[in-house]
Amino acid sequence: MTFKVIDGGGQDDFLPMDIKLMLIEEGSYALLKRWFPNRLPTGEDFEKWTEIAIADATAIIEWFEEKKIMGGISQ
């Protein structure tokens, strides 16, 4: 599976929901690892930071879709 990169004037197709959720999950984990390179927070701190990371990763993916930087997926 490869991503189809489009130039901003591309099609109106969006990422399939399962791919979008996977990208958000992986992106949020990458953010957590970047913010806490030695040890992830625990307990309530982990929950709060995870919520922040998910919100940030979601915003990025949705921005890419809105700007048509990332759209359809080809297999």
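What you are looking at is a predicted structure, and each value in this text was computed from that prediction instead of being measured.

(A) A look at the pattern of salt bridges. Counted by the stated rule, this structure contains 2 salt bridges. The shortest N-O distance in the salt bridge between Glu62 and Lys20 comes to 3.6 Å. A residue pair is termed long-range when its members are at least 10 positions apart, and Glu62 in helix 2 (residues 43-66) and Lys20 in helix 1 (residues 17-35) qualify at 42 residues. For Glu62, a relative accessible area of 39% puts it in the partly exposed group. When the shortest N-O distance is used, the salt bridge between Glu65 and Lys20 registers 3.2 Å.

(B) Here's a closer look at the environment of Glu25. When you line up the elements, Glu25 lands in helix 1. Overall, the relative accessible area of 55% leaves Glu25 in the exposed class. Considering only alpha carbons, one finds Glu25 and Thr58, 33 residues apart in sequence, at a separation of 8.8 Å.

(C) The packing of helix 1 against helix 2, seen in detail. Taken N-terminus to C-terminus, the directions of helix 1 and helix 2 make an angle of 125 degrees; their axes are 8 Å apart at the nearest point. Here helix 1 lies oblique to helix 2, going by the angle between them. Crossing of helix 1 over helix 2 shows right-handed handedness. Within the contact between the two elements, helix 1 uses Lys20, Leu23, Ile24, Gly27, Ser28, Leu31, Leu32 and Trp35 and helix 2 uses Phe46, Trp49, Thr50, Ile52, Ala53, Ile54, Asp56, Ala57, Thr58, Ile61, Glu62 and Glu65.

(D) View of a negative patch on the surface. On the surface, Glu44, Asp45, Glu47 and Glu51 cluster together into a negatively charged patch. Exposure remark for Glu47: the relative accessible area of 51% places this residue in the exposed category.

(E) Local environment of the nonpolar core. Counting 7 residues, the largest nonpolar core is built from Leu15, Ile19, Leu23, Ile24, Ala57, Ile61 and Met70. At the level of elements, helix 1 and helix 2 are the ones that each hand at least two residues to this core. In terms of residue count, the dominant contributor to this core is helix 1 (3 residues).

(F) Up close: the packing of aromatic side chains. Counting across every chain of the model gives 2 aromatic pairs. Here the aromatic cluster, defined as three or more aromatic residues joined through ring pairs, consists of Trp35, Phe36 and Trp49.

Scoring rules and cut-offs
- Residues numbered from 1 in each chain as written.
- Predicted model: local features only at pLDDT ≥ 70, side-chain atom pairs only at ≥ 80, totals over all residues.
- Heavy atoms only, no water.
- Salt bridge = Lys/Arg side-chain N within 4 Å of Asp/Glu carboxyl O.
- Helix = DSSP H or I, 4+ residues; strand = E, 2+ residues; numbered from the N terminus.
- Buried < 20%, exposed > 50% of the residue type's maximum accessible area, 1.4 Å probe, protein only.
- Axes fitted to C-alpha atoms, helices over the stretch in contact; angles between N-to-C directions.
- Parallel < 35°, antiparallel > 145°, perpendicular 65-115°, else oblique.
- Left-handed = near helix turned anticlockwise from the far one by under 90°.
- Contact = heavy atoms within 4.5 Å.
- Patch = residues over 30% accessible without salt bridge, like charges linked within 9 Å, V, L, I, M, F, W, Y side chains within 5 Å.
- Areas by Shrake-Rupley, 256 points an atom, 1.4 Å probe, with all protein chains shown as cover.
- Lys, Arg positive; Asp, Glu negative; His and termini not counted.
- Charge placed at Lys NZ, Arg CZ, Asp CG, Glu CD.
- Core = buried A, V, L, I, M, F, W, Y, C linked by side-chain atoms within 4.5 Å.
- Phe/Tyr/Trp six-rings, centres within 6.5 Å; stacked < 30°, edge-to-face > 60°.

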